[in-house]
Amino acid sequence: MREEALLSEGSTRAEGPSQPCPAATGERQRLAGGLALYPLYYAVLPVLISFNVRAANSVPLYNLLLPFAVCLLLGLSVLVVSRILLRGRQESALLAFSIINAFYAITYLLIAFEFALTVFHIGLAAHLAQYALLALWLGLLLTGVAAVLKPVLVLPVVPTLASSGRFLLVLQILVLLYHEGSYQLLVRPAVQARQAQIRQQACCRLNSTPAITGSPDIYYIILDEMAGASVLSRVFGYDNSSFRSQLAKRGFVVASSSRSNFPLTRLSISSSLNLSNLEFLPDLAGRGSEDYSVTNDLLQNSVVARILSERGYSYVHIGSEMPPTDYSPFAKVSFHPDLDEFAIRFIESTSLSFLPDLSQRLADSRRRTRLASLRALSESGAASPRFVFCHMLSPHEPFIFNHDGSGRTAMMPLRRDGLWDEAARRAYVEQVRFMEARILICIDDILRQSKERPIIILQGDHGTYAEDELARENPREALFQERYDILNAYLVPERIKPSIYSSISPVNSFRLIFSQFGYDLPLLPDRCFYSTYGRPFKIRDVTERVLRRD
């Protein structure tokens, strides 16, 4: 009946101004009302599928909201313009469908290729993607042209397109709700219970005569992929002794032999912010799990932030582009980027990727975020005492800063067999030099504004090394010698400076400081653990390999 009604409408226009019967008119109006909005299903499907396939396991749900709203508005705009151009005719929706899917054709192909690689372990050749894209565009072009010039040929497929879009939309929403429901009902309560246990253990026996009696502001500044002095010298030929001297001049103690506890950002920061080596995660998440969402609360509502909040501290969160450290709903003040990494990757997967300056525009967005983070760090808009958490995705690639802070063409390293190419080596050092200079300015601003001398922890979450190695269960030995070496510096009260030993690792940073506040927190062994990107909770101890000297 639906197809006949649509065909009847096309035939009526072709034959002239004959008067259709009222029943047929009513049926066509009902169909038009039910089918005219189906392009909107296809406008939001790409972002939902992208989130479910590429991000749901690592990105909080709220990061989907803005891209979803933008895609919906974009689809609505295309639909409105199509109806204006075709004067409200039924085939205007088919034209909008063709335009919307042409725009997202690359998105679908990328998702399909990634799915084939991750699920079936089948790598498809790049030229196949080019042929598939051309075929998709050609089919959509013909559909759009037919909708305008010969609608009677294509209108019969409208009910199928509408029902298919509705089915796929409902399916993606159900997948989304299943994952979010599992997280909220099962995973999150388990994580929060473990965090509560850690807090209880810390607070059960408070020392009546703590070393720190006031409430100094506390800053935890993480520079992503900031290598330690030995790697900077050995791998990059860069001597940062001047920076370390400047830190010492301001009262910092630099832990010269510090190593990261984990090679992955999420695990490294989760460990330090939750006073734990995360020994509970393999059982909670599953050793074979790829779902990073178990770390969301560990990062956004950490044990450290909760303990300090209970002491009357205001929590200030200065986020990076990497969810979930981009934002914290639990912070009193939260600075977040204009575009997070999920939004950036999604933009890159659309036809916008053909814009010649898109890469530079996205680099500019990243640059603005990092400069804004530095300004926020200098200002930290909240009343004292405050706990300021700041994670900056720098000097981590892409390399977008010269040493003087000027912008440069975005560059990713071409590391092969675990080795840096010379251009990337120079670009990394340029970005390190920029961050060193700007962090010193931020520290001076913090010291000048603070009524009481603050506590500042300045750390790398992990060191450098080729990402392809972190996909391997058994990476090259050189990874252990490079990836774990980090910057780790402390500005603390004079009486506890002797407690900062040269090999202290991030997991003990707040354990040491909190113990000076009177909390019962003995230091943990400084151990190094390894896991891959694909199996982050298949964790094993590699301390001996990290500390090995050839």
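Residues numbered from 1 in each chain as written. Predicted model: local features only at pLDDT ≥ 70, side-chain atom pairs only at ≥ 80, totals over all residues. Heavy atoms only, no water.

(A) Inspection of the sheet that holds strand β9 (residues 488–491) at higher detail. Strands sit in the order β2-β9-β8-β1-β5-β3-β4 across an open sheet of seven strands; the sheet is mixed. Because the sheet does not close on itself, it has two edges, and the strands there are β2 (253–254) and β4 (333–335). The sheet contact formed by strand β1 (residues 218–223) and strand β5 (residues 386–392) spans six bridges and is parallel. Looking at the pairing, Y220 lines up with F389 of β5. (Pairing = 2+ DSSP bridges. Helix = DSSP H or I, 4+ residues; strand = E, 2+ residues; numbered from the N terminus.)

(B) Structural view of the environment of T409. Looking at where T409 falls in the secondary structure, it is placed in strand β7 (residues 407–411). Its relative accessible area of 57% is what places T409 among the exposed residues. For T409, the residues in contact, after removing those within four places along its chain, are Q360 and F399. (Buried < 20%, exposed > 50% of the residue type's maximum accessible area, 1.4 Å probe, protein only. Contact = heavy atoms within 4.5 Å.)

(C) Quick peek at the packing of aromatic side chains. Inspection of the entire model under this criterion finds 23 aromatic pairs. Here the aromatic rings of F480 and Y484 are separated by 6.4 Å at their centres, their planes lie at 20°, and the arrangement is stacked. Chaining the aromatic ring pairs together yields one cluster made of Y220, Y315, F387, F389, F510, F514, F517 and Y519. When the ring centre of F401 is taken as reference, the NZ or CZ atom of R367 above it lies at 5.9 Å. (Phe/Tyr/Trp six-rings, centres within 6.5 Å; stacked < 30°, edge-to-face > 60°. Lys NZ or Arg CZ within 6 Å of the ring centre and 35° of its normal.)

(D) Highlighting the pattern of salt bridges. In the structure shown here, the tally under the stated rule is 23 salt bridges. One salt bridge connects E477 with R545, and the closest N-O pair in it is separated by 2.9 Å. Of this pair, E477 sits in helix α19 (residues 477–482) while R545 sits in helix α21 (residues 543–547), and the two are 68 residues apart along the sequence. On the accessibility criterion, E477 (29% relative accessible area) is partly exposed. Overall, R545 belongs to the partly exposed group, its relative accessible area being 23%. Linked by salt bridges that have partners in common, E422, R425 and R426 make up one network. (Salt bridge = Lys/Arg side-chain N within 4 Å of Asp/Glu carboxyl O.)

(E) Local environment of the pairing of strand β8 (residues 455–460). β8 sits mainly inside the fold: six of its six residues count as buried. Burial of the side chains of β8 extends over both faces: I455, I457 and Q459 are buried on one face and I456, L458 and G460 on the other. Bridge analysis of β1 against β8 gives six bridges, and the strand direction is parallel. Paired with I222 across the strands is Q459, a residue of β8. As judged from the four bridges shared by β8 and β9, these two strands associate in the antiparallel manner. Bridge pairing in β9 links L458 to A489.

(F) Fine view of the pairing of strand β3 (residues 314–318). β3 sits mainly inside the fold: five of its five residues count as buried. Both faces of β3 are covered, namely the face carrying S314, V316 and I318 and the face carrying Y315 and H317. Here β3 runs beside β4; their pairing, made up of three bridges, is parallel. Residue pairing across strands places H317 opposite S334, the latter belonging to β4.

(G) Spotlight on helix α20 (residues 509–516). For α20, the tally of buried residues reaches seven of eight residues, placing the bulk of the element in the interior. All of the buried residues along α20 are S509, F510, R511, L512, I513, F514 and Q516. Taken together, the buried residues of α20 touch β1, α12 (265–273), α15 (303–310), β5, β8 and β9. Among the residues trailing α20, G518 stands out with phi positive, at a value near 105°.

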